[in-house]
Every structure is written in structure tokens, then in C-alpha cells.
Amino acid sequence: GENVEQHPSTLSVQEGDSAVIKCTYSDSASNYFPWYKQELGKGPQLIIDIRSNVGEKKDQRIAVTLNKTAKHFSLHITETQPEDSAVYFCAASPSSFGGYQKVTFGTGTKLQVIP
Amino acid sequence: DSGVTQTPKHLITATGQRVTLRCSPRSGDLSVYWYQQSLDQGLQFLIQYYNGEERAKGNILERFSAQQFPDLHSELNLSSLELGDSALYFCASSPRLAGTQETQYFGPGTRLLVL
């Protein structure tokens, strides 16, 4: 089955600096890669996703890159703000068949933005 | 607010007991997923239901079971509870359009504490 590794497990940055979180996956059939942000006491929320036919996607201060050959993808947050402090999860998913979609999550990165 | 509701928010019980966690998916979503998140652990996929039918099983213990009802709400039953079952339990839903990978929308979770 799919195995998703995520690094680092914790990350502290100064406000205004950039943060990068990296994930690798094992199953070459995976072609959908969402990123979730989980704030304290809340459920994970999708912040950005990328599909395997795209190498990079950007949404304001957040960008995700995908290298299919190397089987890794990364989340980049620029101009970090204190409200970016949260746990971030990467995930990987193959094409869904017959209503079944298996998503494998990474172990999470706790990001702390220091004012 | 994701539109997914979970009750109760908190649950404290004793070892050996049985509890039921409830989830209402977003309006129109046919697929429901259950996840367990233990302290310092990532999201562990437990089970998926689609339109009332079980579609996929992950790391779900035999002491745990779930079902999805005709109105699409779902319940996760945990029995013979052990201390190690203390965790956050999340429900997520997605529309389940055939052949596409979809965002999963997470509820706020139920925090279970087994004493």
C-alpha cells in the first residue's frame, strides 16, 4: 500500500520568513496530493491540492510543487504570519474506482510562527 | 465551518464500556470516512461508507464497527474500550463523484477519553 513520509515533524520560523514542508510517497499510482491544515481543537481543512498532471500550483502565499519522478511534493508558505501556526498534513491518493478513495496521510508537521 | 457535524464533542468513559460517535455529512455528500488521531499521531484511516455501503477498511479494530444510515448520517461504535482507544475521532465526507479524487471535508472531531 501507499506510504507517505513527511518532514520535518516540527518547524519554527520567524514571522515573515518562508516555511517548507516536504513529503515523499511510495505508490506511483498516486496522482492526487492534498494538503490539510489543522488548528488546535479543530478538524483538518484543505488548504491546497495538486494533481499529477501539474508540477506546481499557487494560491496567494501558499504553493505546492510535485516531482513525480522523485515521488515527492512540497508545501511552501511565504511571508508567514502567526495565524499560519498549526499542524500541516500532506496526503496522497490514487485514482478512485467505484466510489472508493483511499487517502494516505503523512504524520504531520507542527509549524510555529514566532512573532 | 466544513458543514460536517459530529456529536458528542467530548466523551469520557471507562474501560470495557461501549460508545457511539455520530457524524452528519455535508448536505449532498454520499461518502463518509472515519479517522482516528492519537496523541502525536497522524490521521489513521478507519473505514469508509458510500451511500450506505461499506467501501473500504483501514486500520479498524474488530472491537470497532460503523454504519451509514439511509439519511446518510453515520455512526462509529467502539466497544470493550481500552485506555489506548483514547483519541480524537474525525469524520469526513465527500460528494463521491465517480472517477475523480475529491476533497474530504472534516468535522470538528469527538475527543474520547477512556479512564
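Conventions and cut-offs
- Residues numbered from 1 in each chain as written.
- Chains lettered and ligands numbered in written order.
- Predicted model: local features only at pLDDT ≥ 70, side-chain atom pairs only at ≥ 80, totals over all residues.
- Heavy atoms only, no water.
- Helix = DSSP H or I, 4+ residues; strand = E, 2+ residues; numbered from the N terminus.
- Buried < 20%, exposed > 50% of the residue type's maximum accessible area, 1.4 Å probe, protein only.
- Phe/Tyr/Trp six-rings, centres within 6.5 Å; stacked < 30°, edge-to-face > 60°.
- Lys NZ or Arg CZ within 6 Å of the ring centre and 35° of its normal.
- Salt bridge = Lys/Arg side-chain N within 4 Å of Asp/Glu carboxyl O.
- Pairing = 2+ DSSP bridges.
- pLDDT = per-residue confidence, 0-100.
- Axes fitted to C-alpha atoms, helices over the stretch in contact; angles between N-to-C directions.

**Q** Would you mind going over unusual backbone geometry with me for this structure?
**A** Here the residue pair H7 of chain A and P8 of chain A is connected by a cis peptide bond, since its omega of -5° sits within 30 degrees of zero. Relative to the helices and strands, P8 of chain A resides in the loop between β1 (4–7) and β2 (10–14). Backbone torsion omega between T7 of chain B and P8 of chain B reads -10°, so that peptide bond is classified as cis. With respect to the helices and strands, P8 of chain B occurs in the loop between β1 (5–7) and β2 (10–13). Residue E79 of chain A is not a glycine yet carries a positive backbone phi of 45°. Mapped onto the secondary structure, E79 of chain A falls in the loop between β8 (72–77) and β9 (86–94). Classification of E79 of chain A by relative accessible area gives exposed; the value is 52%. The phi dihedral of L72 of chain B falls on the positive side, at around 80°, and the residue is not glycine. Topologically, L72 of chain B is positioned in the loop between β7 (64–68) and β8 (74–78). Note on L72 of chain B: relative accessible area 16%, which makes it buried.

**Q** Looking at this structure, I do not really get the packing of aromatic side chains. What am I missing?
**A** How two aromatic rings sit relative to each other is given by the distance of their centres and the angle of their planes. Summed over all chains, the structure comprises twelve aromatic pairs over all chains. The interplanar angle of 50° and the centroid separation of 5.6 Å between the aromatic rings of Y36 of chain A and F105 of chain A together place this pair among those described as tilted. One end of the pair, Y36 of chain A, is in strand β4 (residues 30–38); the other, F105 of chain A, is in strand β10 (residues 104–105), and 69 residues separate them in sequence. Residue class for Y36 of chain A comes out buried when judged on its relative accessible area of 2%. Owing to a relative accessible area of 8%, F105 of chain A belongs among the buried residues under this scheme. For the pair Y36 of chain A and F106 of chain B, a centre-to-centre distance of 5.4 Å together with 80° between the ring planes defines the contact as edge-to-face. Residue Y36 of chain A is found in strand β4, and its partner F106 of chain B is found in strand β10 (residues 105–106); the two belong to separate chains. Judged by its relative accessible area of 4%, F106 of chain B is buried. Here R26 of chain B stacks its cationic end above the ring of Y105 of chain B, 3.7 Å away from the centre of that ring.

**Q** In this structure, what is going on with the pattern of salt bridges? I would like to understand it.
**A** One side chain can pair with another of opposite charge once the charged atoms of both are near each other. All names here are of chain A. Taken as a whole and assessed by the stated rule, the structure comprises seven salt bridges over all chains. Where K37 meets E39, a salt bridge forms, and the shortest distance between an N and an O atom there is 3.5 Å. One salt bridge in this structure joins K42 and E39, with 3.6 Å as the shortest N-O distance. Take K42: its relative accessible area is 47%, and that puts it in the partly exposed class.

**Q** Is there a simple way to explain the pairing of strand β3 (residues 19–25) of chain A in this structure?
**A** Both faces of the sheet carry side chains from a regular strand, because those side chains alternate between them. Residue and element names in this part refer to chain A. Side chains A19, I21, C23 and Y25 of β3 all project onto a buried face; the interleaved residues V20, K22 and T24 project onto a face where none is buried. Relative to β3, β1 runs antiparallel, the two being bridged by four bridges. Paired with V4 across the two strands is Y25, which belongs to β3. Relative to β8, β3 runs antiparallel, the two sharing six bridges. In the sheet register, A19 faces β8, and the bridge partner there is I77.

**Q** Quick question: what am I supposed to make of the confidence of the model for chain A here?
**A** When pLDDT is low, close inspection of the predicted coordinates is not appropriate. Averaged over all residues, the pLDDT of chain A is 91; the fraction at 70 or higher stands at 94%. Within chain A, the element-level pLDDT minimum falls on β10 of chain A, averaging 88, and the maximum on β3 of chain A, averaging 98.

**Q** Explain the sheet that holds β7 of chain B here, please?
**A** By definition, the strands of a sheet pair up through backbone hydrogen bonds, in either a parallel or an antiparallel sense. All names here are of chain B. The sheet built from four strands is open, its strands ordered β1-β3-β8-β7 with antiparallel pairing. Strands at the two margins of the open sheet, each flanked by one partner only, are β1 and β7. Direction aside, the axes of adjacent strands within the sheet are offset by 15° on average. By the bridge criterion, three bridges tie β1 to strand β3 (residues 19–24) in an arrangement that is antiparallel.

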